[in-house]
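Residue-level structure breakdown
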Amino acid sequence: LGLITLLKWALVVSIPSLNQVPVIALFSQNMTNTELIFQSIAYLALVPVQELIARSTMQTSFRNFFQGENRVFYAILSTNILFEILHISNNLFLAIFSFIFGMFWGALFEYQRSLLGVTVSHALIGWWGLFGLNFLAIMPAPSP
């Protein structure tokens, strides 16, 4: 959480067009408190479903499918490439960030062999990036 906050600060300080953007943007977004709460609940409810599909189903299946010493890496990579197809239609930068964190969460799942830690990490980092820091507001919009 600290690293992504530091990243946003570095972007705000170094890119002139972002100088007026607050680093922590939780209550400066263009939504009411009710909308913020509703979207937060919806996001936090979706995270366990995403992790169940991505880690328990896809990554575990790929790990069992691939052979050789790099099968875990290929399983994590394949899962994230397929999962990013869903994100890239929304925003390229969102897809890049979620790919990086997806690789982290895939490795965390392999290390822990549990969805609990991965789901909590995904919920905290994702919520902070989307709502606390409002990263989507500073990312370029997709061209038509």
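Here, the structure is the one placed above.
Each residue is numbered by its place in its chain's sequence as written, counting from 1. Side-chain atom pairs in this predicted model are given and counted only at pLDDT of 80 or more, local residue features only at pLDDT of at least 70, and totals for whole chains, interfaces and linings cover all residues. The basis for every side-chain value is the complete set of heavy atoms in the structure, and neither hydrogens nor water enter the calculation.

We now examine the nonpolar core. Only buried residues count toward a nonpolar core. Its members are Ala, Val, Leu, Ile, Met, Phe, Trp, Tyr and Cys residues joined through side-chain atoms within 4.5 Å. Relative accessibility thresholds used throughout: buried, under 20% of the residue-type maximum; exposed, over 50%; partly exposed, between the two (1.4 Å probe, protein chains only). Residues Ile4, Leu18, Trp105, Leu108, Phe109, Val118, Ile125, Trp128, Leu133, Phe135, Ile138 and Met139 constitute the largest nonpolar core, which totals 12 residues. Labels follow the DSSP assignment, with helices taken as runs of H or I lasting at least four residues and strands as runs of E lasting at least two, numbered in each case from the N terminus. Residue assignment for this core shows that the elements contributing at least two residues are helix H4 (92-112), helix H5 (115-132) and helix H6 (135-138). In this analysis, two residues are considered to be in contact whenever any of their non-hydrogen atoms come within 4.5 Å of each other. If near-sequence neighbours (up to four positions away) are discounted, Ile4 is found in contact with Phe101, Ile125, Trp128, Gly129, Leu133 and Phe135.

How far a helix is expected to stretch is found by multiplying one less than its residue total by 1.5 Å. In this model, helix H3 (residues 71-88) (18 residues) spans 25 Å end to end at C-alpha, consistent with the 26 Å of a helix rising 1.5 Å per residue. Looking only at H3, the buried set comprises Ala75, Ile76, Ser78, Thr79, Asn80, Phe83, Glu84 and His87.

Another aspect to go through is helix H1 (residues 2-14). With 13 residues, H1 ought to run about 18 Å at 1.5 Å a step, and its terminal C-alpha atoms sit 18 Å apart, in line with that. All buried positions along H1 are accounted for by Ile4, Thr5, Lys8 and Val12. Along the axis of H1, the buried residues cluster in a sector spanning 105°; they form a single face. Along H1, the residues that are exposed and aim more than 90 degrees away from the buried face are Gly2, Leu3 and Ser14. Its buried side turned inward, H1 meets H4, H5 and H6. The directions from the helix axis to the C-beta atoms form the arc being described.

Our focus in this paragraph is the pattern of salt bridges. We define a salt bridge as a contact between a side-chain nitrogen of Lys or Arg and a carboxyl oxygen of Asp or Glu at a distance within 4 Å. Taken as a whole and assessed by the stated rule, the structure comprises three salt bridges. Here Arg113 ties to Glu110 by a salt bridge, and the two come within 3.6 Å at their closest N and O atoms. On the accessibility criterion, Arg113 (52% relative accessible area) is exposed.

Geometric descriptors of this kind do not, in isolation, establish any biological role.
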